[in-house]
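Listed here are the chains, written in short residue letters.
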Amino acid sequence: MNISNHVITDPDESFRDHFSAVNEDGKRNWFYPQKPTGKWHTRRAWFTVGILTLLFATPFIKFNGQPLLLFNVLERKFIIFGIFIGPQDYWLFGLTMLSFMVFIVLFTTIFGRLWCGWACPQTVFMEMVFRKIEYAIEGNATKQKLLNKAPWNTEKIVRKTAKYAAFLIVSFLIANLLLSYVLGVDDLSKIIREPIADHLPLFGGIIAFTAIFYFNFAWLRDQACTVVCPYGRLQGVLMDRNTINVAYDYERGEPRGKIHKNQERTEGDCINCHQCVAVCPTGIDIRNGLQMECVNCTACIDACDNIMDKVGFEKGLIRYTSENAIVKKTNKLITPRVIGAMAMLVLLWSVLGFMVVSRTDTQTMLLRAPGSQYIENSDRSITNLYTFKIFNKTNQTINPTIRLEGVSGKLIFAGKPNLALDPAGMVEGTVFIVVPAEALKKRKTTLTLSVFQGNEKLEEFETTFIAPEK
Ligand code: SF4
Ligand code: SF4
């Protein structure tokens, strides 16, 4: 994907015909990116500290006695910022996901793949954790290449064992982190403390996820972003010429050419040193324009700035900028597409906010029993028969009572139903509603009922009551 139509001096356009991760023999190109250093890398390192702290701390944060975030796909229970979403509220989950997608569209249209470079767990763990371990144990890119080519001597065995053991430990930690978001830390610590035999399926899950993460970070690496992740594929439709990306300023850099001592420079500022390519974890040349493989990691900005510093040129030949800023020297962040996405997001968030505020803790369905008629009692009262279902939409036990509102009368439950509701549970049964005849003015009366827990009203709903014609 190249949105530039500027003619660059390098006539080799072969990059358009092949995938950087595969060589001409169809085999994988294993990348050895050089260690990035510079202002942007330092910023990303600090940002990573913040992101990882947040990621590991969040499962321990409780709100109203329950986790702040929980994605229990096994039991289909979700908690998003303290709001419990059970089976009765999937529409809420759907709406949250929809607004999240619109937010992604909006964010990507303005800021490109900022998420990929700075906050995506794949990039954060790959570039800032696993890659760092690799540099620490095997050395820089050149040393890694030499080690891989070297025969299996003691040094190679020790370094490789140490690296893969460290990879395995971190993968195990990430697998536990993931499960803490699925099960909650309380359940996870129970599984860890209790005998493995009591939790074999979950223990199997931890092992399976450890293996998946290990495979991902030890082998799959850049291909998780360039082959597997669907987000990268969407860039072409989400971005436009005003989108801010890591980009090479070809207006300033071209024509590129080596620097020659004591010669007046007639070329642009790019000295063709290839440092921007050497540091790229996805093996691309940013000078070819915006490419799907670019995860906006900023390594090439630092590499180029370091070179510009050395040769005495102004920094920023590669920088965060947009196509329009490079060509027209002007950039418009608020475009019609951005306004459209913003309007959609505001609408979705307003609906979501209203739904959350007006949401009740229980949801009751109380319907007249099919085929039943009214019963006229000797004390001049009328009885109707109903079936009911009460759903608990919270993650806590509820002991509900149902009361008639605005009319005297009573509810007589068939049998002795226990209305206690388990978290996200449901209770159903049959109930008679008895109302004095003088309270009923017509054949069909709408009755209002409420569900209480103690003195707290949880829900109000209506049903129809049938009486003889007056
Ligand atoms: S690092 Fe900068 S100067 Fe060197 S090749 Fe890349 S863009 Fe050109
Ligand atoms: S082109 Fe630059 S920003 Fe993009 S992935 Fe490569 S090094 Fe990172």
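A quick note: this is a predicted structure, and the numbers were derived from the prediction, not measured.

**Student:** How would you summarise the sheet that holds strand β15 (residues 456-466) if you had to cite specific residues and measurements?
**Tutor:** Strands belonging to one sheet form pairs held by backbone hydrogen bonds; the direction of such a pair is parallel or antiparallel. Reading across from one edge, β11-β14-β15 is the order of the three strands in this open sheet, with antiparallel pairing throughout. Of all strands in the sheet, those with a lone pairing partner are β11 (401-405) and β15, marking the two edges. Each strand axis lies, on average, 30 degrees off the axis of its neighbour in the sheet, ignoring direction. Note: strand β14 (residues 444-453) against β15, ten bridges, orientation antiparallel. Bridged to Leu449 within β15 is Phe461.

**Student:** Residues and numbers for the UniProt feature "transmembrane region" (unreviewed entry) in the chain, please.
**Tutor:** Within the UniProt annotation, "transmembrane region" (unreviewed entry) is assigned to residues 45-61, 91-116, 164-184, 196-215 and 338-357. Taken as a whole, residues 45-61 contains 76% helix and 0% strand, while its terminal C-alpha atoms sit 24 Å from one another. In this annotation, residues 91-116 is assigned 92% helix and 0% strand; the end-to-end C-alpha distance for the span is 29 Å.

**Student:** Run through the site of ligand 2, naming residues and quoting values.
**Tutor:** Near ligand 2 there are 13 residues, and of these Cys280, Cys294, Val295, Cys297 and Cys300 occur at the shortest range. Of the pockets mapped on this structure, ligand 2 occupies the second largest cavity. Partitioning the shell around ligand 2 into residue classes produces ten nonpolar, three polar and no charged.

**Student:** Outline the site of ligand 1, supporting the account with residue identities and numerical values.
**Tutor:** Near ligand 1, the surroundings consist of Tyr248, Cys270, Ile271, Asn272, Cys273, His274, Cys276, Arg287, Cys304, Met308, Leu317 and Ile318. Taken together, the residues of the shell around ligand 1 sort by class into nine nonpolar, two polar and one charged.

**Student:** So what's going on with the nonpolar core? Which residues, and what values?
**Tutor:** Nonpolar side chains tend toward joint burial in soluble globular proteins. Residues Val246, Tyr248, Ile286, Cys300, Leu317 and Ile318 are the most contacted members of the largest nonpolar core, which totals 30 residues. The residues contacting Ile286, other than those within four sequence positions of it, are Val246, Ala247, Tyr248, Cys276, Gln291, Cys294, Cys300 and Ile318. One finds Tyr386, Val431, Val451 and Phe461 within the second-largest nonpolar core, a separate group that totals 24 residues.

**Student:** Tell me what's going on with the sheet that holds strand β3 (residues 69-72), and back it up with residues and numbers.
**Tutor:** One open sheet holds the three strands; their spatial order is β3-β4-β5, and the pairing between them is antiparallel. Bordering the open sheet on either side are β3 and β5 (83-85), each of which pairs with just one other strand. Sheet twist, expressed as the mean angle between neighbouring strand axes with direction ignored, is 20 degrees. Judged from the four bridges that link them, β3 and strand β4 (residues 77-80) form a sheet pairing that is antiparallel.

**Student:** Could you give me a rundown of empty space enclosed by the protein, with the residues and numbers involved?
**Tutor:** Following the criterion strictly, the structure yields six cavities of 30 Å³ or more and no others. Put simply, the second largest cavity is a space of about 110 Å³. Cys280, Ile284, Cys294, Cys297 and Cys300 are the residues nearest the centre of the second largest cavity, which is lined by 15 residues in total. Residue composition of the lining of the second largest cavity, by class: twelve nonpolar, three polar and no charged.

**Student:** Outline the pattern of salt bridges, supporting the account with residue identities and numerical values.
**Tutor:** For the structure shown, the criterion picks out 20 salt bridges. When the shortest N-O distance is used, the salt bridge between Arg241 and Glu323 registers 3.7 Å. Note that Arg241 is positioned in the loop between α11 (235-238) and β6 (245-248) and Glu323 in helix α15 (residues 323-327), a separation of 82 residues in sequence. The class of Arg241 is partly exposed, set by a relative accessible area of 33%. Of the residues examined, Glu323 reaches a relative accessible area of 8% and is grouped as buried.

**Student:** I'd like to hear about helix α8 (residues 200-220), residue by residue, with values.
**Tutor:** Here α8 spans 28 Å end to end across 21 residues, near enough to the 30 Å set by a 1.5 Å rise per residue. Among the residues making up α8, those that are buried are Gly205, Ile206, Thr210, Phe213, Asn216, Phe217, Ala218 and Leu220. The elements touched by buried residues of α8 are α4 (121-138), α6 (154-183), α7 (185-193) and α9 (222-228). Of the residues trailing α8, Arg221 is marked for its positive phi of about 45 degrees.

**Student:** Quick rundown of helix α14 (residues 299-311)? Include the residues and the values.
**Tutor:** With 13 residues, α14 extends 19 Å from end C-alpha to end C-alpha; this agrees with the ideal 18 Å at 1.5 Å per step. Along α14, the residues that are buried comprise Ala299, Cys300, Ile301, Asp302, Ala303, Cys304, Asp305, Ile307 and Met308. Among the structural elements, α1 (39-57), β6, α12 (250-253), α13 (275-278) and β7 (318-321) are those in contact with the buried residues of α14. A positive backbone phi angle near 80 degrees is found at Gly312, which sits one or two residues after α14.

What counts, and at which threshold
- Residues numbered from 1 in each chain as written.
- Chains lettered and ligands numbered in written order.
- Predicted model: local features only at pLDDT ≥ 70, side-chain atom pairs only at ≥ 80, totals over all residues.
- Heavy atoms only, no water.
- Pairing = 2+ DSSP bridges.
- Helix = DSSP H or I, 4+ residues; strand = E, 2+ residues; numbered from the N terminus.
- Axes fitted to C-alpha atoms, helices over the stretch in contact; angles between N-to-C directions.
- UniProt positions renumbered as here; feature names shortened; annotations may be inferred.
- Near = heavy atom within 4 Å.
- 1 Å grid on protein atoms, 1.4 Å probe; cavity = no way out; pocket = protein on both sides within 12 Å on 5 of 7 lines; lining within 4 Å.
- Sits in = over half its atoms within 2 Å of the grid points.
- Nonpolar A, V, L, I, M, F, W, Y, C, P; charged D, E, K, R; others polar.
- Core = buried A, V, L, I, M, F, W, Y, C linked by side-chain atoms within 4.5 Å.
- Buried < 20%, exposed > 50% of the residue type's maximum accessible area, 1.4 Å probe, protein only.
- Contact = heavy atoms within 4.5 Å.
- Points joined across faces, edges and corners; volume = space filled by probe spheres on them.
- Salt bridge = Lys/Arg side-chain N within 4 Å of Asp/Glu carboxyl O.
- Expected span 1.5 Å × (residues − 1).

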